[in-house]
Amino acid sequence: MAGLASGQLLGPTEIRALAKRTGVQPAKRLGQNFVVDGGTVTRIAALAGLGTGDVVLEVGPGFGSLTLPLLAAAGRVIAVEVDRALAAQLPLTVAERAPDLAARLDVVYADAARVAAAQLPGKPPDVLVANLPYNVAVPVVLHLLATLPSLRGGLVMVQTEVADRMCASPGSRTYGVPSAKLAWYASARLAGQVSRGVFWPVPRVDSALVELTAYGPAEAASVRGELPAEREAVFAVVDAAFSQRRKTLRSALAAWAGSPAAAERVIRAAGLDPALRGEVLSITDFARIAAAARQ
């Protein structure tokens, strides 16, 4: 990778040395599995298609194995880290291994699932690139897309099962709440597989890369319907529709609407069949139901 020699990357030996130096051991409650393979992180940085004008938002940088190639490829990296010791160590690691790139890094000690745009320094980020903890991957992505409209997309590494759900289409076996809610903001596609062997500690599952492409204004208007409802209202319909899988919309939305009869009236007003199931509806359909309820 331009600007970064292979010897500057972090491997298993360097990661374990940093863990010893900082007293940090992988925490299950934080879903910490650190990438220790240089080939994997350079591949991710390359697939992200970054330019020198891009500002990257990296969530959970850990010891910095992915941060280093991101700094070499982008103009700036904003790293959001919830572990105080790791947040303090990251600038030191970059200064030690790639001093010419140190000025491009900003570290924010915060929970990415709650971080606000005002907490991020400088120009708002353009791209999200991250190895996301398995237990919070979808909530983090949804929060960041809602909070940071500057994001044009990104490339995230998540558990394969989570990746399948994020990329699922209506009617597929894995389609559900994550698929529908993510589709409010962006399109998602599988961009590659990642072996569990590149992590420390080694997880029990494999991972996958998901490429996200945020909608522009015209695409967003098309996806969200001609009579757009508020996101919270649409997501309430999604949650209700999937709260009882394999139930018809008339039954699943009964509590949300007030009664089965009220649910049927709203569903028909949205131009949909009350006998359909939530699993076959697109986010546009859910938006139509929310808009009809508002009417």
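Data block above holds the structure.
First, a word on scope: everything that follows refers to the structure included in this document.

With that settled, consider the pairing of strand S6 (residues 153–159). Within a regular strand, side chains alternate between the sheet's two faces. Judged by how many residues are buried, S6 sits mostly within the fold: seven of seven residues are covered. As a crossover connection, the stretch from strand S5 (residues 127–131) through helix H5 (residues 137–147) into S6 is right-handed. Both S6 and strand S9 (residues 207–214) contribute to a ladder of seven bridges, which runs antiparallel. Looking at S9, one finds that Val158 is bridged to Ala208.

What follows is about the nonpolar core. Within the largest apolar cluster, 61 residues are counted, with the highest numbers of intra-cluster contacts made by Met166 and Phe286. Excluding its chain neighbours within four sequence positions, the residues that come into contact with Met166 are Val138, Val141, Val156, Val158, Ser179, Leu182, Ala188, Val210 and Leu212. In terms of nonpolar packing, the next biggest core, distinct from the first, is built from 42 residues, Leu4, Ala19, Leu86 and Leu90 among them.

Turning our attention to the packing of H5 against helix H7 (residues 177–185). It is at 10 Å that the axes of H5 and H7 come closest, and there the two elements cross at 20°. Classified by the angle their axes make, H5 and H7 are roughly parallel. Helix-helix and strand crossings are classified by hand; for H5 and H7 the assignment is left-handed. Contact with H5, carried on its side by Val138, Val141, Leu142, Leu145 and Ala146, involves Pro178, Lys181, Leu182 and Tyr185 of H7 and no other residues of that element. Residue classes in the contact of H5 with H7 are distributed as eight nonpolar, no polar and one charged.

Within the secondary structure, Arg246 is located in the loop between helix H9 (231–242) and helix H10 (249–252). Residue Arg246 is classed as exposed on the basis of its relative accessible area of 63%. On a C-alpha basis, the gap between Arg246 and Leu276 in space is 9.3 Å, while along the polypeptide they are 30 residues apart. When residues no more than four places from it in sequence are discounted, the contact partners of Arg246 are Arg277 and Glu279.

Right, let's talk about the packing of aromatic side chains for a bit. As enumerated under the stated definition, the model contains six aromatic pairs in all. Ring centres of Phe242 and Phe286 lie 6.0 Å apart, and the angle between their planes is 50°; this geometry places the pair in the tilted category. Here Phe242 is found in helix H9, whereas its partner Phe286 is found in helix H13 (residues 283–294), with 44 residues between them in sequence. Neither Phe242 nor Phe286 differs from the other in exposure class; each is buried. Clustering of aromatic rings is evident, with ring pairs tying together Phe34, Phe63 and Trp200.

Going from Trp200 to Pro201, the amide bond is cis rather than trans, its omega being -10°. Secondary-structure assignment places Pro201 in the loop between strand S8 (199–200) and S9.

Our focus in this paragraph is the sheet that holds strand S3 (residues 76–81). Across the sheet, which stays open at both edges, the seven strands sit in the order S4-S3-S2-S5-S6-S9-S7 with mixed pairing between neighbours. In the strand order of this sheet, the two ends are held by strand S4 (105–109) and strand S7 (186–194), each with one partner. Neighbouring strand axes in the sheet, compared pairwise and without regard to direction, differ in orientation by 20° on average. Across the sheet, helix H6 (residues 160–167) is in contact with S6, S7 and S9; its angle to S6 comes to roughly 135°.

This paragraph deals with helix H12 (residues 260–269). Three or more residues of H12 are buried, namely Ala262, Ala263, Val266 and Ile267. Projected down its long axis, H12 shows its buried positions confined to an angular sector of 135°, all on one face. Every exposed residue of H12 that faces more than 90 degrees away from the buried side is listed here: Arg265, Arg268 and Ala269. On its buried face, H12 sits against H10, helix H11 (254–257) and H13. Once H12 ends, the next one or two residues include Gly271, with phi positive near 80°.

In total, this model carries 14 salt bridges according to the counting rule given. Salt-bridge contacts for Asp111 lead to Arg114; the nearest nitrogen and oxygen are separated by 2.5 Å. The class for Arg114 is exposed, based on a relative accessible area of 64%. Close ionic contact of Arg189 with Glu211 constitutes a salt bridge, the shortest N to O distance being 2.5 Å. In this pair, Arg189 is assigned in strand S7 and Glu211 in strand S9, connecting sequence segments 22 residues apart. On the basis of relative accessibility, which here comes to 48%, the residue Arg189 falls in the partly exposed class. On the accessibility criterion, Glu211 (26% relative accessible area) is partly exposed. Among the ionic contacts, a cluster of salt bridges with common partners joins Arg250, Glu264 and Arg268.

Calculation rules
Residues numbered from 1 in each chain as written. Predicted model: local features only at pLDDT ≥ 70, side-chain atom pairs only at ≥ 80, totals over all residues. Heavy atoms only, no water. Buried < 20%, exposed > 50% of the residue type's maximum accessible area, 1.4 Å probe, protein only. Helix = DSSP H or I, 4+ residues; strand = E, 2+ residues; numbered from the N terminus. Right-handed = clockwise from strand over helix to strand, strands pointing away. Pairing = 2+ DSSP bridges. Core = buried A, V, L, I, M, F, W, Y, C linked by side-chain atoms within 4.5 Å. Contact = heavy atoms within 4.5 Å. Axes fitted to C-alpha atoms, helices over the stretch in contact; angles between N-to-C directions. Parallel < 35°, antiparallel > 145°, perpendicular 65-115°, else oblique. Left-handed = near helix turned anticlockwise from the far one by under 90°. Nonpolar A, V, L, I, M, F, W, Y, C, P; charged D, E, K, R; others polar. Phe/Tyr/Trp six-rings, centres within 6.5 Å; stacked < 30°, edge-to-face > 60°. Arc of directions from axis to C-beta. Salt bridge = Lys/Arg side-chain N within 4 Å of Asp/Glu carboxyl O.

Read these as layout, nothing more, since geometry by itself doesn't imply function.
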